[in-house]
Amino acid sequence: MRRPYYNPGVPERLKSYWELTLPVRHVTATSAPASVDVLIVGAGFLGLWLAYFLSARKNPPRILVVERDTLGYGASSRNAGFLTCGHISEIVSDLAESPREAVFAAFLRRKQGVQTILNEFPDLLTDPCGSADYDPITDEKRALADELNATLASRGEPPIYDERELVFGGKPRRAFFNRFDRGVHPVRLLKALHERCAAHGVTFAHGVEVMNLGDGSANVVLADGKPAKVKYGRAFICTNAFARQLNAATEIVPGRGQVIITTPVEAKTSHALGFLNDGYDYFKFVDGRLLIGGGRHMFREREETTDLTPSVEVRNYLQALARQVIGHDRFSVERHWAGIMGFKSGAHVSLTHETRIDARTSELHACGGMGVALSPVVAQQTAANFP
Ligand SMILES: Cc1cc2nc3c(=O)[nH]c(=O)nc-3n(C[C@H](O)[C@H](O)[C@H](O)COP(=O)(O)OP(=O)(O)OC[C@H]3O[C@@H](n4cnc5c(N)ncnc54)[C@H](O)[C@@H]3O)c2cc1C
């Protein structure tokens, strides 16, 4: 037996705060359909949104989603839960490495993605706290904020950025504020999507690993360790950081992101999502606790891994940052976890999200640290192009 019948998922010590507060357990599959119209590999946000939009069509195809672990094992169940279209310092640094049109298009896509989530799940509990960019304010940033607001106005949408007086670590701080952004419990959204897909007739095979696939046929290993074959009309690899296993030529490389959450604490910082250091570091307030993540830029080489075991050096870095945000050191770390995201050849902004491997098989990606917002847009576009 390769795997137990009930999928235990990630070991307790490596679980995210989200997985602990909203556990997900699945009966794993010891059989799989011999043939389907659409095979989706990976049940993270991207795979689930794709299954959702395809299954919502008038004559939906027969869809099988194969997931070797728990829902959103790499990143979707382990991220920070920001629903964000971007903050000014991040967009300024994107402009230094990508064309203006691409950066603005990515901003609009992310905004559209967050709006899609809110429209599709109007009852989803979110925190409409907005986000604050605590990096230094410059004239270049002021001009960009105006330009982004003007872009929205030209589309008949209200402005979202303004400059305001906030509190950071007990001291007043002027910051750019984005009133559109909000926080979400990512596993709550994952579960809601999963339930919606199942209600639409999507078949799930949990605890099943796709070993290889191509030209309409996939070799899988079922939860009881037995091999099986699934024939497909179209397959979409939505495995994010784990893409190399199924596509040796993939451009996607893994990158670990780490997060800590404190015990409940009185923090002397405004209640909003917070961005520091061009967005490499970020924080938010959840259930009276401070969640703070980042540090990848300080330890980049060691974070190019798919290992979920968090490191002491990043914990120390995040703890020092937490002290600044909270404004005192009377707190303790309740949980420290890691997630694995995919990066497309180091590019932060990318407008191409599909790589064709053969006539029936594609790799899809919504890479980097913005996939919660981007994946509905990528999935909706892919479903719209489906014949
Ligand atoms: C620490 C951290 C913080 C982040 N914070 C945010 C944030 O606040 N906001 C935001 O928008 N984005 C954030 N992100 C990014 C976001 O979480 C990801 O972009 C998004 O979740 C990716 O979704 P996905 O479906 O592509 O990948 P994943 O969620 O990684 O899903 C891929 C799935 O494929 C499965 N799989 C892999 N190989 C196989 C195989 N061979 N057979 C079967 N199944 C397989 C895996 O088990 C996994 O479940 C963060 C990421 C990290 C790591």
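None of these values were measured; they are calculated from a predicted model.

Let's talk about the domain arrangement of the protein chain
Taken domain by domain, the protein chain consists of domain 1 (12-78 + 186-251 + 348-384) and domain 2 (129-180 + 253-344). Relative to domain 2, the C-alpha centre of domain 1 lies at a distance of 28 Å. At the interface, 22 residues of domain 1 touch 22 residues of domain 2. For the pairing of domain 1 and domain 2, the buried interface totals around 1900 Å² over both sides, and the portion due to carbon and sulfur atoms is 59%. Taken as a group, Tyr17, Arg78 and Glu251 account for 32% of the area that domain 1 buries against domain 2, more than any other trio of residues on that side. Counting the contacts that link domain 1 with domain 2 gives 10 residue pairs in polar contact (both at pLDDT 80 or more). Looking at the side of domain 1 that touches domain 2, its residues break down into nine nonpolar, eight polar and five charged.

Focus: the sheet that holds strand E13 (residues 252-262)
With mixed pairing, eight strands are arranged side by side in an open sheet as E6-E7-E5-E14-E15-E16-E13-E17. Of all the strands in the sheet, the pair left with one neighbour each is strand E6 (161-168) and strand E17 (333-344). Pairwise comparison of adjacent strand axes, ignoring direction, gives a mean angle of 30 degrees for this sheet. Pairing between strand E5 (residues 131-133) and strand E7 (residues 171-178): three bridges, direction antiparallel. Bridging across to E7, Ser131 finds its partner in Asn178. Against the sheet, helix H7 (residues 312-326) touches E6, E13, strand E14 (273-276), strand E15 (281-286), strand E16 (289-293) and E17, its axis set at about 130 degrees to E16.

As for the pattern of salt bridges
A full pass over the atoms with the stated rule returns 20 salt bridges. Residue Lys15 is joined to Glu12 by a salt bridge in which the shortest nitrogen-to-oxygen separation is 3.2 Å. Taking the relative accessible area as the measure of exposure, Lys15 reaches 16% and is therefore buried. Through salt bridges with shared partners, a single ionic network connects Asp139, Arg142, Glu163, Glu165 and Arg174.

Brief notes about the site of the ligand
The environment of the ligand is formed by 42 residues, the closest being Glu67, Tyr73, Ser76, Phe82 and Val372. Considered on its own, the ligand offers 1000 Å² of accessible surface; in the complex 98% of this is hidden by protein. At the level of secondary structure, the elements contributing two or more residues to the shell around the ligand comprise helix H2 (45-55), strand E2 (63-67), strand E10 (209-214), E13, E17 and helix H8 (371-384). Both domain 1 (12-78 + 186-251 + 348-384) and domain 2 (129-180 + 253-344) contribute no fewer than three residues apiece to the shell around the ligand.

Considering the sheet that holds strand E3 (residues 82-83)
Spatially, the three strands line up as an open sheet ordered E3-E8-E4, and their pairing is antiparallel. Edge positions in the open sheet fall to E3 and strand E4 (126-127), since each of these has one partner strand only. Inspection of the sheet shows E3 paired to strand E8 (residues 182-184) by two bridges, in the antiparallel sense. By the bridge assignment for E8, Phe82 is matched with Gly183.

Cut-offs used in this document
Residues numbered from 1 in each chain as written. Predicted model: local features only at pLDDT ≥ 70, side-chain atom pairs only at ≥ 80, totals over all residues. Heavy atoms only, no water. Domains from an automatic or database assignment. Contact = heavy atoms within 4.5 Å. Buried area = accessible area lost by both parts, 1.4 Å probe. Polar contact = N/O pair within 3.5 Å; in protein donor to acceptor, adjacent residues only side chain to side chain. Nonpolar A, V, L, I, M, F, W, Y, C, P; charged D, E, K, R; others polar. Pairing = 2+ DSSP bridges. Helix = DSSP H or I, 4+ residues; strand = E, 2+ residues; numbered from the N terminus. Axes fitted to C-alpha atoms, helices over the stretch in contact; angles between N-to-C directions. Salt bridge = Lys/Arg side-chain N within 4 Å of Asp/Glu carboxyl O. Buried < 20%, exposed > 50% of the residue type's maximum accessible area, 1.4 Å probe, protein only. Near = heavy atom within 4 Å. Areas by Shrake-Rupley, 256 points an atom, 1.4 Å probe, with all protein chains shown as cover.

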